[in-house]
Amino acid sequence: MKKFRSLNTLAGPLLFLTVLLILAQIIPFKQAAAIATICWMGLWWVLRPVNIAVTALLPIPINAFFGMVPMDGIISKYFSEIVVLLVGSDLISLVWEKTHLDKRLAIKCLCGIGTSMKQQIAVWLVAATVLSIFLPNVVVVMILVPVAVSMLKFLGQEQITNNPVATPILLALVWGAGFGGFGSPLGGASNLVAISYLEKLTGKELMYIDWIIRFLPLLFIILLFILVFLLHLPMPVKYLEGSKEYFRSVYTKLGPMKKGEKLGLWLFVLATFLAFIRPLYVSYLPLMKPAYVFFCFGMLTFVMRNETGQLLLTWKEAEKGIMWGMIFLFSGGLALGKLITDTGAAEAIAKVITLLPLNGGVETIFSLTIFATFLTEISSNTAAASISIPVVESITKALGVNPIPYILISIVAVNCAFILPVSTRAVGVTYGLNPDDLMRYGVKLSIMCMILVSCLGYACMTFWKLFNYI
């Protein structure tokens, strides 16, 4: 085992050097080094000889050694404005976790589940999708998967792995939490990456309500498509007796909502509300962007107290609970994007893709969808967005077409990963989901979703004027 771990560790830098030596003969050295960095990070994200957050830090030492871009441009990505937003929302999420408000809301939503297996699958999928619109997808699966597993065991399904009753429910959870994130800017770091690029491209601020208007219809269509797919999976039983009673009994044990829970809920609701109505006060508070709204409300968790007089959150709890790994992963994706854009590597990759017979139509969208989906399968949606969006921008520039609709559909694509046991899917596997089932069904769904996303993107670009500008 140690031998394989050592080989996996060495494979990254060896691939980097190999790609660098080959590409340096064809394109400028800095561009070759940037593409080689993508290869190294991508391989380590797949093999995982080190934590994925450690891999996300690679742009710092690699750029320090090879000097591809000014170092300030790389370091600034590790505490950008969007990182401030992630920290603020994370602080509020920690209060939810500490007070068990997250569990209360999840179980309350599930109290209405019927005994039909089809109802079970539908409600779990919708619950995971809706929650992931407002919360990080990893948080959503960590809330819902343990509840689902405990329900299944309560109903006599002790064996979770290779259980045809448990499999569609767990797939509904990990897939719903994964793709639902593009429903709002708050749903995932990849969305924030996209917003930063779109704002830089258009030169104006992207309001959260504008995001919702454009993406919610697409989310609804993809949700229905995945639901139909799940309902056609093998199901040995039609009914799960007692599930509704289980959730009601668990919810009763929680007792009435306490002051700490109420404060945590209000902090999130108010922060979200202010983020979405920003157009109403932007002229009065031009600097109070959603990032700083959430950070301000996150800071309040250190001064507000619960029903027992204790602070909602202490600094020690914040140090321990904030998802630093996710933040570094997000920042590393931004830093990688900085490398490939500022060195011109994005344009070099775009030139290769434009060798295909592309004219800006559905075949172009399909090619970009495959590219974005492949990246998000082997790494993370944040890293995939950081790499794919600059490439998409370069390709559309070369084709002489409006880049915005292509970028928007790429955002959808980087949130539609269903195959490998990474990200949200890794949580499901940890709790008993068979990786073979995940990959077998995931491949089928991924192929169909790429076709669906491409068709939806082409239709929106052609018939929906709002999809062509921000």
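Residues numbered from 1 in each chain as written. Predicted model: local features only at pLDDT ≥ 70, side-chain atom pairs only at ≥ 80, totals over all residues. Heavy atoms only, no water.

## Quick word on the overall build of the protein
Right, on to step 1. Scanning the protein for helices and strands turns up 24 helices and 0 strands.
Right, on to step 2. In the protein, which comprises 470 residues, the share counted as buried stands at 55%.
Right, on to step 3. Excluding contacts between residues fewer than 6 apart, the proportion of contacts in the protein whose partners are at least 24 apart in sequence is 78%.
Right, on to step 4. Total accessible area on the protein stands at roughly 20,100 Å², and carbon and sulfur atoms take up 69% of it.
Right, on to step 5. The distance from the centre of the 34 positive side-chain charges to the centre of the 22 negative ones in the protein is 3 Å. (Helix = DSSP H or I, 4+ residues; strand = E, 2+ residues; numbered from the N terminus. Buried < 20%, exposed > 50% of the residue type's maximum accessible area, 1.4 Å probe, protein only. Contact = heavy atoms within 4.5 Å. Areas by Shrake-Rupley, 256 points an atom, 1.4 Å probe, with all protein chains shown as cover. Lys, Arg positive; Asp, Glu negative; His and termini not counted. Charge placed at Lys NZ, Arg CZ, Asp CG, Glu CD.)

## Re the pattern of salt bridges
Right, on to step 1. Under the criterion given, the structure shown has 5 salt bridges.
Right, on to step 2. Here R104 ties to E261 by a salt bridge, and the two come within 2.6 Å at their closest N and O atoms. Of this pair, R104 sits in helix α7 (residues 101–110) while E261 sits in helix α14 (residues 259–276), and the two are 157 residues apart along the sequence. (Salt bridge = Lys/Arg side-chain N within 4 Å of Asp/Glu carboxyl O.)

## Thoughts on a nonpolar patch on the surface
Right, on to step 1. A cluster of nonpolar side chains, namely F366, I370, V443, I447 and I451, defines an oily patch on the protein surface of about 390 Å² accessible area.
Right, on to step 2. With 3 residues, helix α24 (residues 435–463) is the largest single contributor of residues to the nonpolar patch.
Right, on to step 3. Take I370: it is sitting in helix α20 (residues 362–378). (Patch = residues over 30% accessible without salt bridge, like charges linked within 9 Å, V, L, I, M, F, W, Y side chains within 5 Å.)

## A few points about the side chain of S394
Right, on to step 1. Position of S394 among the secondary structure elements: in helix α21 (residues 381–399).
Right, on to step 2. S394 sits in the buried class, given a relative accessible area of 15%.

## Some remarks on the environment of S386
Right, on to step 1. As for its position among the elements, S386 is in helix α21.
Right, on to step 2. By relative accessible area, which is 0% here, S386 ends up buried.
Right, on to step 3. Once the C-alpha coordinates of S386 and G400 are considered, the two residues, 14 residues apart in sequence, prove to be 22 Å apart.
Right, on to step 4. Excluding anything up to four places from it in sequence, S386 contacts V193, Y197, G333, L334, G337 and I340.

## Structural notes on the packing of aromatic side chains
Aromatic ring pairs are defined here through the distance separating the ring centres and the angle between the ring planes.
Right, on to step 1. Using the criterion set out here, one finds 12 aromatic pairs in the structure.
Right, on to step 2. Between F29 and F66 the ring centres are 6.0 Å apart and the planes differ by 45°, which places this aromatic pair in the tilted class. You can see F29 sitting in helix α2 (residues 29–47) and its partner F66 sitting in helix α4 (residues 59–66), a full 37 residues away along the chain.
Right, on to step 3. By relative accessible area, which is 40% here, F29 ends up partly exposed.
Right, on to step 4. When the ring of W175 is compared with that of F418, the centres are 5.7 Å apart and the planes differ by 85°; the resulting orientation is edge-to-face. Separated by 243 residues along the polypeptide, W175 in helix α10 (residues 166–179) and F418 in the loop between α22 (404–414) and α23 (424–430) bring together distant segments of the chain.
Right, on to step 5. The buried category is assigned to W175, whose relative accessible area is 0%.
Right, on to step 6. For F418, a relative accessible area of 1% corresponds to the buried category.
Right, on to step 7. Cation over ring: R440 sits above Y441, and NZ or CZ is 4.7 Å from the ring centre. (Phe/Tyr/Trp six-rings, centres within 6.5 Å; stacked < 30°, edge-to-face > 60°. Lys NZ or Arg CZ within 6 Å of the ring centre and 35° of its normal.)

## Quick word on the nonpolar core
Right, on to step 1. Ranked by internal contacts, the top residues of the largest apolar core, which has 160 residues, are W124, W175, I222 and I226.
Right, on to step 2. Filtering out sequence-adjacent residues up to four positions away, I226 remains in contact with L125, W175, F179, F418, L445 and C449. (Core = buried A, V, L, I, M, F, W, Y, C linked by side-chain atoms within 4.5 Å.)

## Here we look at the packing of helix α6 (residues 81–99) against helix α11 (residues 189–202)
Right, on to step 1. It is the contact of α6 with α11, at a shortest axis distance of 10 Å, that shows an interaxial angle of 150°. Our classification of the angle between α6 and α11 gives roughly antiparallel. Along this stretch, α6 crosses α11, giving a crossing that reads as right-handed. Each of I82, L85 and L86 in α6 lies in contact with α11, whose residues at this interface are A189, L192, V193 and S196.
Right, on to step 2. A per-class count over the contact of α6 with α11 returns 6 nonpolar, 1 polar and no charged. (Axes fitted to C-alpha atoms, helices over the stretch in contact; angles between N-to-C directions. Parallel < 35°, antiparallel > 145°, perpendicular 65-115°, else oblique. Left-handed = near helix turned anticlockwise from the far one by under 90°. Nonpolar A, V, L, I, M, F, W, Y, C, P; charged D, E, K, R; others polar.)

## Comments concerning the side chain of T396
Right, on to step 1. Within the fold, T396 resides in helix α21.
Right, on to step 2. In contact with T396, other than residues within four places in its own chain, are V401, P403 and Y406.

## Describing the packing of α6 against helix α16 (residues 290–300)
Right, on to step 1. Running from N to C, α6 and α16 cross one another at 35°; their axes reach a closest spacing of 7 Å. Crossing angle aside, the handedness with which α6 passes α16 is left-handed. Along its contact with α6, which presents E81, V84, L85, V87, G88, S89, L91 and I92, the element α16 presents P290, A291, Y292, F294, F295, F297, G298 and M299.
Right, on to step 2. The residue inventory of the contact of α6 with α16, partitioned by class, reads 12 nonpolar, 3 polar and 1 charged.

## So, unusual backbone geometry
Right, on to step 1. A positive phi angle is found at H100, which is not glycine, with a value near 65°.
Right, on to step 2. One can find H100 in the loop between α6 and α7.
Right, on to step 3. Taking the relative accessible area as the measure of exposure, H100 reaches 47% and is therefore partly exposed.
Right, on to step 4. Even without being a glycine, N162 presents a positive backbone phi close to 60°.
Right, on to step 5. Along the polypeptide, N162 turns up in the loop between α9 (137–154) and α10.

## A closer look at the environment of F220
Right, on to step 1. Within the secondary structure, F220 is located in helix α12 (residues 208–231).
Right, on to step 2. Residue classification places F220 among the exposed positions, given a relative accessible area of 52%.
Right, on to step 3. Sequence separation between F220 and G183 is 37 residues; the distance between their C-alpha atoms is 9.1 Å.

## A word on α10
Right, on to step 1. Look at α10: 20 Å from first C-alpha to last across 14 residues, which is about the 20 Å you get at 1.5 Å a residue.
Right, on to step 2. The buried fraction of α10 is high, at 14 of 14 residues. (Expected span 1.5 Å × (residues − 1).)

## Side note on the confidence of the model for the protein
Right, on to step 1. With 94% of its residues at a pLDDT of 70 or more, the protein shows a mean pLDDT of 84.
Right, on to step 2. By mean pLDDT, α7 is the weakest element of the protein at 72, and α4 is the strongest at 94. (pLDDT = per-residue confidence, 0-100.)

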